[in-house]
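The lines below spell out each chain.
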Amino acid sequence: MKNILVTGGAGFIGSNFVRYLLKNEINIHIYNLDALTYAGSLENLDNLPDPSRHTFIHGDICNRELIDQLFRQYAIDTVVHFAAESHVDRSIFEPDAFIQTNVFGTFTLLEAAKRAWLENTPPIPDVRFHHISTDEVFGSLKEDDPAFREDTPYAPNSPYAASKAASDHLVRAYGHTYGLPYTLTNCSNNYGPYQFPEKLIPLMILNALEGKPLPVYGDGKQVRDWLYVEDHCEAILLVLRQAPLGESYNIGGGNQPTNLEIVENLCEILDEVVPHSPYKPHRQLIRFVADRPGHDRRYAMDIGKISTQLGWKPRHSLAEGLLATVKWYLEHEEWIAAIRQRGDFKAWMQRNYAQRGEEK
Ligand code: NAD
Ligand code: DAU
């Protein structure tokens, strides 16, 4: 592993991973390709450790000529593919970009890797295409169902999940048909620094700080398997270093509160760390709003395979992770102000919550 193409490295998990990799792998160079959609931001890449080993390239993963050129110019030997449209609610209203980036973009990268690595004689050795995916490809669990395993059948429910499932299938197919060396990880809900404030945890923190309503979808009893983003980054690096090619691994936090419990938890943390807030107790801001169409009820990951084979388990408890996250947002007002000015943030928020109607 020397020349790593990270796609989507200006987004939430990608930028955390770029930081983590620069800190923990001292002999690599990162080529960070990102289209800087509404979700990507150069502010996420401020103050990188050892920035001389990081090159940012503004571009689209669907651009075949650009990707071919990057493989040639930088002798890419490893791809870590994060770039995606990632927000389920947006996929329900406007699925087109999800099909384009998540399906066609992944296909474009796979084709480029095949051309660069396999169509030489002999093929380039010691290369790897690592695909980042989600637990949502497995569908929704009932209350007593066992957690998702790597061999759980795919049953994606939203356009986002279906587009990620399609991309996973393409990666496997390129491994099976052409012998493309790949690994794949399916991870549960991440939270932590630099997460775009359309997602549950940062949205609730920022709304609560301003005394705005905290919109809980449906009955708030949906369950997600929350993982602190740095723990996800550690798992990905372990897979890159140690996992046999052709394997997939489930990654999860083992924390499975309901959405309402998460929001109440954040309110309690804010009551403590912002003791003079005029909005205290923050839980008074909670509002039940119309549910997400097709809302998956419960996700849970069985992490037995990655724990046994690679010795990974999450380091952060939910309590530690949530406290660290709240503090990070409190300490990064400039980042928040910059992100709010970007793209369609305001318009999206108004549109999403207008569709969810009045309080129930
Ligand atoms: P994000 O939306 O914060 O970031 C996505 C990044 O991809 C942005 O920087 C964006 O500019 C870039 N991008 C989008 N379209 C692009 C294109 N066509 N070409 C180049 N760059 C493009 O997403 P995230 O939450 O950091 O998720 C990263 C990856 O992890 C995604 O593949 C997602 O499916 C997966 N994942 C996310 C979670 C989670 O909880 N956030 C959990 C499991 C898996
Ligand atoms: O499970 C992994 C997935 O987690 C990733 O693949 C996705 O990229 C990522 O966005 C995330 O999807 P979710 O839909 O689970 O995340 P989100 O933060 O949008 O919502 C988490 C839960 O909170 C979900 O049940 C919907 C609910 N919710 C969300 C928002 C934004 C609310 O109740 N109110 C809200 O305002």
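Rules used in this analysis
- Residues numbered from 1 in each chain as written.
- Chains lettered and ligands numbered in written order.
- Predicted model: local features only at pLDDT ≥ 70, side-chain atom pairs only at ≥ 80, totals over all residues.
- Heavy atoms only, no water.
- Helix = DSSP H or I, 4+ residues; strand = E, 2+ residues; numbered from the N terminus.
- Polar contact = N/O pair within 3.5 Å; in protein donor to acceptor, adjacent residues only side chain to side chain.
- Axes fitted to C-alpha atoms, helices over the stretch in contact; angles between N-to-C directions.
- Parallel < 35°, antiparallel > 145°, perpendicular 65-115°, else oblique.
- Left-handed = near helix turned anticlockwise from the far one by under 90°.
- Contact = heavy atoms within 4.5 Å.
- Nonpolar A, V, L, I, M, F, W, Y, C, P; charged D, E, K, R; others polar.
- Near = heavy atom within 4 Å.
- Areas by Shrake-Rupley, 256 points an atom, 1.4 Å probe, with all protein chains shown as cover.
- Expected span 1.5 Å × (residues − 1).
- Bend = angle between axes of the 7 residues up to and from the residue.
- Buried < 20%, exposed > 50% of the residue type's maximum accessible area, 1.4 Å probe, protein only.

Here we take up the environment of R115. Relative to the elements of secondary structure, R115 occurs in helix 4 (residues 96-118). Separated by 13 residues in sequence, R115 and R128 place their C-alpha atoms 14 Å apart. Of note is the side chain of R115, whose polar atom sits 3.0 Å from the side chain of D68.

Here the focus is the packing of helix 8 (residues 259-273) against helix 10 (residues 318-331). Put simply, helix 8 and helix 10 touch, their axes get as near as 10 Å, and they point 55° apart. By the angle between their directions, the pair helix 8 and helix 10 is classed as oblique. Considering the relative orientation of helix 8 and helix 10, their crossing is right-handed. Here I262, N265, L266, I269, L270 and V273 of helix 8 come into contact with helix 10, specifically with L318, L322, L323, V326, K327 and L330. Within the contact of helix 8 with helix 10, the residues separate by chemical class into ten nonpolar, one polar and one charged.

A few words on the site of ligand 2. In the neighbourhood of ligand 2, 23 residues make up the surrounding shell, with D135, Y160, N189, R292 and H295 lying closest. In the model, an oxygen atom of ligand 2 is placed 2.7 Å from a nitrogen or oxygen of the N189 side chain. Out of a free accessible area of 690 Å², ligand 2 has 95% covered by protein chains. Listed by contribution, the elements that provide at least two residues to the shell around ligand 2 are helix 6 (200-209) and strand 8 (214-217). Its residues assigned to classes, the shell around ligand 2 comprises ten nonpolar, seven polar and six charged.

Our next topic: the site of ligand 1. Taken together, 28 residues sit near ligand 1, with I13, D34, S86, Y160 and K164 positioned nearest. Contact between ligand 1 and D34: an oxygen atom at 2.5 Å from a side-chain N or O atom of the residue. Between F82 and ligand 1, the recorded distance is 2.8 Å, taken from a backbone N or O atom to an oxygen atom. If ligand 1 stood free it would expose 830 Å²; the protein chains cover 96% of that surface. At the level of elements, helix 1 (12-24), strand 5 (128-134) and helix 5 (159-178) are the ones that each hand at least two residues to the shell around ligand 1. Element by element, the count of residues in the shell around ligand 1 is highest for strand 5, at three residues. In terms of residue class, the shell around ligand 1 is made up of 13 nonpolar, twelve polar and three charged.

An ideal rise of 1.5 Å per residue puts 33 Å on 23 residues; helix 4 measures up with 31 Å between its terminal C-alpha atoms. Its axis deflected by about 25° at G105, helix 4 carries its strongest bend there.

Once that is clear, we can look at unusual backbone geometry. Generally, phi is negative for residues other than glycine and the peptide bonds are trans, each holding for most cases. T121 connects to P122 through a cis peptide bond whose omega is -10°. Relative to the elements of secondary structure, P122 occurs in the loop between helix 4 and strand 5. With omega at -10°, the peptide bond leading from K280 into P281 counts as cis. A positive phi angle, close to 50°, is found at D50, a residue other than glycine. With respect to the helices and strands, D50 occurs in the loop between strand 2 (29-34) and strand 3 (54-58). One non-glycine residue, D126, lies in positive phi territory at about 55°. Checked against the element boundaries, D126 lands in the loop between helix 4 and strand 5. The exposure class of D126 is exposed, given its relative accessible area of 70%.

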